[in-house]
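The residues making up each chain are set out below.
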Amino acid sequence: MEIKQKLADLARTIEEDIAKTSDLASMEDIRIKHFGKKSELLEILKNIKNYQPEERPVIGQVANKIKNILTEKLNNKKINFQAKQQKESLDSTLDGNPFVRGSLHPITTVKAQIVNIFQKLGFGISEGPDMETDYYNFTSLNFPHDHPARDEQDTFFLDKNDKDENKPLLLRTHTSPVQIRYMKAHKPPFQIVVPGTVYRSDSDVSHTPMFHQVEGLAVGENITFANLKWILSEFLYQMFGSSIDIRFRPSFFPFTEPSVEVDISCVICGGTGCRVCKNSGWLEILGAGMVHPNVFKSAGYDPEYIQGFAFGMGVERVAMLKYEINDIRLFYENDLRFLKQFR
Ligand code: PHE
């Protein structure tokens, strides 16, 4: 059969042509010449009806086989060529890409330092949700219904009109709701710290709408105010150095009674008075107190038999005093010149 011989010859020609190619351009030329629209192979397939009907299937099969096998051969040659070219262009003596080492955010570092000190004092760690119900954030913590902290000015409400009181409807304004969540789920005695994110609609040099707190809670039959004083003093000495002075000042929180605010002597001026301590020589660092009986009742505890202390502090505030930063907003501007100082 004449056509069979023709196809065999053609296959050999194509193979020889492929073998002769030595760069991408010549490979492309060969592809167009032998497999393109005007190639001899395609002409044969296009005009297959000119052959005897019984010949047609064989011609089709052979022509397609030649096309498939040799196109693959050409493609493989192209791929190998490209890989080789790439390898040759690699200079293995060059330096690698410079690897920029990141660092922890100062708030992350300080939060971990705070938690760490309490862990070494025997405290466990617990967490709670950022989205809270009015009940956990306020009511269960003995906030009266008309307490100003519930005001929309401080609290970010998610859906004020929702009637389902179990549905989260605000962003927690403090980590104290975790006190109730933890007490409901555990039996005393225990002592925990609760690191977390809190939200208040407030923004200036010392306030951001989102900030961090570490809450503390120690509950048992014999936990006293003396325990509170010792633990918090020990924490402050470890955090700010043993040369600081500490002062416990009477204060008020709905969920503690008695309540205190704890001050340390100013870390900037040492107590003589400066702008940071507003010439008082003291810096307010945390709030604390003995857990209010109503809070124990919310958790299902009997305040006749159970007592404890709680405290809460702002991580940003601690970090600002430790690193002498005067504007809280610097923490959240992602300015690398600022962040790189904490490497
Ligand atoms: N929750 C209080 C606040 O946000 C801090 C606090 C916690 C005070 C526990 C006393 C006891 O300011």
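Since we're looking at a predicted model, the values are computed, not measured.

## Overview of the overall build of the protein
Link 1 in the chain: Of the regular secondary structure elements, the protein holds eleven helices and nine strands.
Link 2 in the chain: Here the protein has a C-alpha radius of gyration of 38 Å; the compact-globule value for 343 residues is 20 Å, and the former is much larger.
Link 3 in the chain: Across its three principal directions, the C-alpha atoms of the protein cover 110 × 55 × 35 Å.
Link 4 in the chain: With 343 residues in all, the protein has 39% of them scored as buried.
Link 5 in the chain: Intrachain contacts of the protein at a sequence separation of at least 6 include 65% that bridge at least 24 residues.
Link 6 in the chain: For the protein, the exposed surface amounts to about 20000 Å²; the carbon and sulfur share of it is 50%.
Link 7 in the chain: Computing the positive centroid from 42 side-chain charges and the negative centroid from 45, the protein places the two 8 Å apart.

## Notes on the site of the ligand
Link 1 in the chain: Around the ligand, a shell composed of 14 residues is seen, among which His-174, Ser-176, Arg-200, Gln-213 and Glu-215 lie nearest.
Link 2 in the chain: Measuring from a nitrogen atom of the ligand, one finds a side-chain N or O atom of His-174 at 3.0 Å.
Link 3 in the chain: One nitrogen or oxygen atom from the side chain of Arg-200 is found 2.9 Å from an oxygen atom belonging to the ligand.
Link 4 in the chain: Surface burial for the ligand is 89%, taken as the share of its 320 Å² of free accessible area covered by protein chains.
Link 5 in the chain: For the shell around the ligand, the secondary-structure elements that each account for two or more residues are β5 (210-220), β8 (282-291) and β9 (307-314).
Link 6 in the chain: Here the element with the most residues in the shell around the ligand is β9; it accounts for three residues.

## Things to note about the domain arrangement of the protein
Link 1 in the chain: What the domain assignment reports for the protein is domain 1 (2-89) and domain 2 (106-342).
Link 2 in the chain: The distance between the C-alpha centroids of domain 1 and domain 2 comes to 77 Å.

## As for helix α4 (residues 56-89)
Link 1 in the chain: With 34 residues, α4 ought to run about 50 Å at 1.5 Å a step, and its terminal C-alpha atoms sit 49 Å apart, in line with that.
Link 2 in the chain: Those residues of α4 lying buried are Ile-59, Gly-60, Ala-63, Ile-66, Leu-70 and Leu-74.
Link 3 in the chain: At its buried positions, α4 is contacted by α1 (2-20), α2 (24-35) and α3 (40-46).

## Considerations on the environment of Ile-244
Link 1 in the chain: Within the fold, Ile-244 resides in the loop between α8 (225-240) and β6 (246-253).
Link 2 in the chain: A sequence separation of 99 residues divides Ile-244 from His-145, and the C-alpha atoms of the two residues are 39 Å apart.
Link 3 in the chain: Each residue touching Ile-244, except ones within four places of it in the same chain, is listed here: Leu-236, Tyr-237, Ile-264 and Ser-265.

## Here's the deal with the sheet that holds β5
Think of a sheet as strands paired side by side through backbone hydrogen bonds, with each pair either parallel or antiparallel.
Link 1 in the chain: Within the open sheet, the seven strands sit side by side as β1-β4-β5-β9-β8-β7-β6. Their pairing is mixed. Two strands in the sheet have a free side with no partner beyond their single neighbour: β1 (124-125) and β6.
Link 2 in the chain: As judged from the eight bridges shared by strand β7 (residues 256-265) and β8, these two strands associate in the antiparallel manner. Across the sheet, the residue bridging to Val-262 is Leu-286, located in β8.
Link 3 in the chain: On the sheet, helix α10 (residues 315-323) packs against β5, β8 and β9 and is oriented at approximately 60 degrees with respect to β9.

## Observations concerning the packing of helix α5 (residues 106-120) against α10
Link 1 in the chain: Here α5 crosses α10 at 100 degrees, and the two axes come no closer than 9 Å. Accordingly, the angle class assigned to the pair α5 and α10 is roughly perpendicular. Two secondary-structure elements touch here, α5 through Pro-106, Ile-107, Thr-109, Val-110, Lys-111, Gln-113 and Ile-114 and α10 through Val-315, Glu-316, Val-318, Ala-319, Lys-322 and Tyr-323.
Link 2 in the chain: Looking at the contact of α5 with α10 residue by residue, the class counts come to eight nonpolar, two polar and three charged.

## Quick word on the environment of Phe-81
Link 1 in the chain: You can see Phe-81 is positioned in helix α4.
Link 2 in the chain: By relative accessible area, which is 25% here, Phe-81 ends up partly exposed.
Link 3 in the chain: It is 7.6 Å that separates the C-alpha atoms of Phe-81 and Asp-23, two residues lying 58 residues apart in sequence.
Link 4 in the chain: Contact partners of Phe-81, with chain neighbours within four places excluded, come to Ser-22, Asp-23, Leu-24 and Met-27.

The rules we used
- Every chain begins its residue count from 1, and numbering advances along the sequence as written.
- Given that this is a predicted model, residues contribute local features only at a pLDDT of at least 70 and side-chain atom pairs are listed and counted only at 80 or more, while totals for whole chains, interfaces and linings are drawn from all residues.
- Just so you know, side-chain values use all the structure's heavy atoms and leave hydrogens and water out.
- Numbering goes from the N terminus for both helices and strands, where a helix is a DSSP run of H or I of at least four residues and a strand is a run of E of at least two.
- The size measure is the radius of gyration over C-alpha atoms, and the globule rule it meets is 2.2 Å times the number of residues to the 0.38 power.
- Residue burial is assigned from relative accessible area. The probe radius is 1.4 Å, only protein chains are included, and a residue is buried under 20% of its type maximum, exposed over 50%, and partly exposed in between.
- The contact criterion used is simple: two residues touch if any of their non-hydrogen atoms lie within 4.5 Å.
- Per-residue accessibility takes into account occlusion by the displayed protein chains alone, with areas from the Shrake-Rupley method and a 1.4 Å probe.
- His is not counted, nor are the chain ends; Lys and Arg add positive charge and Asp and Glu add negative charge.
- Charge coordinates come from a single atom per side chain, which is NZ of Lys, CZ of Arg, CG of Asp or CD of Glu.
- When at least one non-hydrogen atom of a residue lies within 4 Å of a molecule or strand, that residue is treated as near it.
- Throughout this description, a polar contact denotes any pair of N or O atoms lying within 3.5 Å of each other; where both atoms belong to protein, one of them has to be capable of donating a hydrogen while the other can accept it, and for residues adjacent in sequence the pair is counted only when both atoms sit in side chains.
- Reported domain spans reflect what an automatic or database domain assignment gives.
- Given a helix with a known number of residues, its expected span is that number minus one, times 1.5 Å.
- The criterion for strand pairing is that DSSP finds at least two bridges linking the strands in question.
- Throughout, an axis means a line fitted to C-alpha atoms (over the contacting stretch in the case of helices), and angles, computed between N-to-C directions, take values from 0 to 180 degrees.
- Note on terminology: angles under 35 degrees are roughly parallel, angles over 145 are roughly antiparallel, angles of 65 to 115 are roughly perpendicular, and the others are oblique.
- When residues are sorted by character, Ala, Val, Leu, Ile, Met, Phe, Trp, Tyr, Cys and Pro go into the nonpolar class, Asp, Glu, Lys and Arg into the charged class, and all the rest, Gly among them, into the polar class.

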